[in-house]
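Next come the chains, spelled out residue by residue.
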Amino acid sequence: MEVGGLEINQTFLRAIRLKRVGNNLKLDKVAEVALPAGMIDEGRLKKPAEFSHILKNFLKYNRFSTSSWAVSISEKPIYTTFKTFPQMESNDLAEAVEINAPGLLPGKQEENFWGWQEVEGGKEDREVVFSSTSKNILEEYLQSFSQIGIIPVSIEPKSFSIARAFGQTASTLILNLEGEVITGVVINRGCPRFAREFKIANQSKNQFKQLLKEVWKIVNFYLTENNEEEIESLIIDGANANLELAEALKKALKMEVKLSSESVSISGQRIPSLSLFGVGLRSLIPLNQDNNLSLLPVGTKEAAEEKMALLFYGGLTNIIVITACLFLLIFWGTFIFLSHLKTQADNQLLALNQANATSINSQEAEIKQEIDEINPQIKSQVQIENQMTYWSPVLKQLSAILPQGVTLSGISFTGAGAPINIAGQATSKEALTSFREAIASQDFAEAVQMPSSNLDQNQNISFTISLTLTKEALKRK
């Protein structure tokens, strides 16, 4: 599945499509369009309908055909924090994150969307970064995407996209300048350690002084909070980054200052922003291997796993439909064959009536012999049809009553009259009990048995259910 990278900020809408050619990156396509003032403010989508129209036309005009996108959004409405856990298995870490998240993130958990990822490079402990945002804010974007057929596979803060563009690096300050909106991000070990979005009016007389003041705030806060001595370099990025500003900042801060174009380019081609490049890199990660932070209700990796499950059930449904079609073909084939035999017999009887009287007895004997030969064939066809086992209704009903949290891994049947063994996994004891009771309530179920040991566990329960069918359950109705 092809995935593109989409950057959305207060000033610009940008899209990128990267490809891998061997070990190298290829910039297949990149485009940007300015957004009208007031459409997005403080990271919140103010005019969803107009935004959807602009996004649809932008992608169509630039011939981006994919519907799946990794998305980077403004930093302003997003809260980010860190927590360190002791060494533990990955599954245990995920459980620990779920337990600790409500106490680390602001507001009520049911009112927020949040995500997490592990910070790479930890030696003794396992460090995790959390980010959250209001459901109301994110749902405005999701509704706009849905209206034009856009499927976001991940949504991440701008700072995480910027950090991915640099990978593992020492403490570096990135200033992304997009009109009046400036985002300062300090990255270390491939992760945004501190991010802040602020505004400086373009017409301000003391614009440069205000920028220096904000930069020093970021630098001093980061160094104090992280007990570090210095930030190694400053990189300016975005539509308003230029060499003149870089030189002025270098002189005022007495720090190495570079343009982002000096650090990141593909085959000499300029990329409008580091966050666009970073989200483009994420679009190249296979969905089932993407453990990066996403603010979507379901993580990227989990969504890919759910999609695989849906494909499995879709395949099972196709098998049921194909089996039903085969049974119909057999039925109609048998009907046509019997009709042919009947027509043949009628023609032979008509020929007998038209024959000479002297040969009637002889022909009647021959016809009787042929009918006697045909009758066993007809009886055999009828017996075959009566002995057919029609699984489709039972399988369809099992699929229809399957509750959320229960996954089937196998259905086995040893022979006529024997029980059906249903195997699978349930996320909880309640889901398993619900499934067992749902089976028992069906007309086709004569007896439902389940080992009591299946209910010893509360979660992630592997179970086996023995189902005895009624005599009429597998017959054509």
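Residues numbered from 1 in each chain as written. Predicted model: local features only at pLDDT ≥ 70, side-chain atom pairs only at ≥ 80, totals over all residues. Heavy atoms only, no water.

Turning our eyes to something else, we now look at the sheet that holds strand β16 (residues 406-413). Here four strands make up an open sheet; going across it, the order is β16-β17-β19-β18 and the pairing antiparallel. Each edge of the open sheet carries a strand with a single partner, namely β16 and β18 (445-449). The sheet shows a mean angle of 25° between the axes of neighbouring strands, direction not considered. When strand β17 (residues 420-428) meets strand β19 (residues 459-469), the two strands line up antiparallel, connected through eight bridges. Among the inter-strand pairings, Q425 is bridged to a residue of β19, identified as S462. Set on the sheet, helix α12 (residues 429-440) makes contact with β16, β17, β18 and β19; between it and β19 the angle comes to about 10°. (Pairing = 2+ DSSP bridges. Helix = DSSP H or I, 4+ residues; strand = E, 2+ residues; numbered from the N terminus. Axes fitted to C-alpha atoms, helices over the stretch in contact; angles between N-to-C directions. Contact = heavy atoms within 4.5 Å.)

Let us now look at the sheet that holds strand β2 (residues 12-21). The strand order across the open sheet formed by five strands is β3-β2-β1-β6-β10, and the pairing between neighbours is mixed. Bordering the open sheet on either side are β3 (24-34) and β10 (151-157), each of which pairs with just one other strand. Neighbour-to-neighbour, the strand axes of the sheet open up by a mean angle of 20°, direction not taken into account. Sheet contacts for helix α1 (residues 48-61): β1 (3-8), β2, β3 and β6 (68-73); angle to β2, the most-contacted strand, approximately 35°. The sheet strands contacting helix α3 (residues 135-147) are β1, β6 and β10, and the helix crosses β10 at an angle near 150°.

So, about the environment of R270. Topologically, R270 is positioned in the loop between α7 (260-263) and α8 (274-283). Residue class for R270 comes out exposed when judged on its relative accessible area of 53%. Sequence separation of R270 and V30 is 240 residues, and the distance between their C-alpha atoms is 9.5 Å. (Buried < 20%, exposed > 50% of the residue type's maximum accessible area, 1.4 Å probe, protein only.)

A separate point is the packing of aromatic side chains. In this description, an aromatic ring pair is defined by two values, namely the gap between the centres and the angle between the planes. Inspection of the entire model under this criterion finds seven aromatic pairs. Aromatic side chains F194 and F221 sit 4.9 Å apart centroid to centroid with 40° between the ring planes, which places their arrangement in the tilted category. Here the residue F194 occupies a position in strand β13 (residues 191-199), and F221 occupies one in helix α5 (residues 207-226), the gap between them amounting to 27 residues. On the accessibility criterion, F221 (41% relative accessible area) is partly exposed. Measuring from ring centre to ring centre gives 5.7 Å for W332 and F335, while their planes differ by 85°; the resulting arrangement is edge-to-face. Of this pair, W332 and F335 both sit in helix α9 (residues 300-354), three residues apart, which is roughly one turn of that helix. With a relative accessible area of 44%, F335 lands in the partly exposed category. (Phe/Tyr/Trp six-rings, centres within 6.5 Å; stacked < 30°, edge-to-face > 60°.)

Turning our eyes to something else, we now look at the environment of L138. Positionally, L138 belongs in helix α3. For the pair formed by L138 and I155, sequence separation is 17 residues and the distance between their alpha carbons is 9.1 Å. If we ignore the near neighbours within four places in the chain, the residues touching L138 are I73, F113, T133, I155, L295 and L296.

All we've got here are geometric facts, nothing functional implied.
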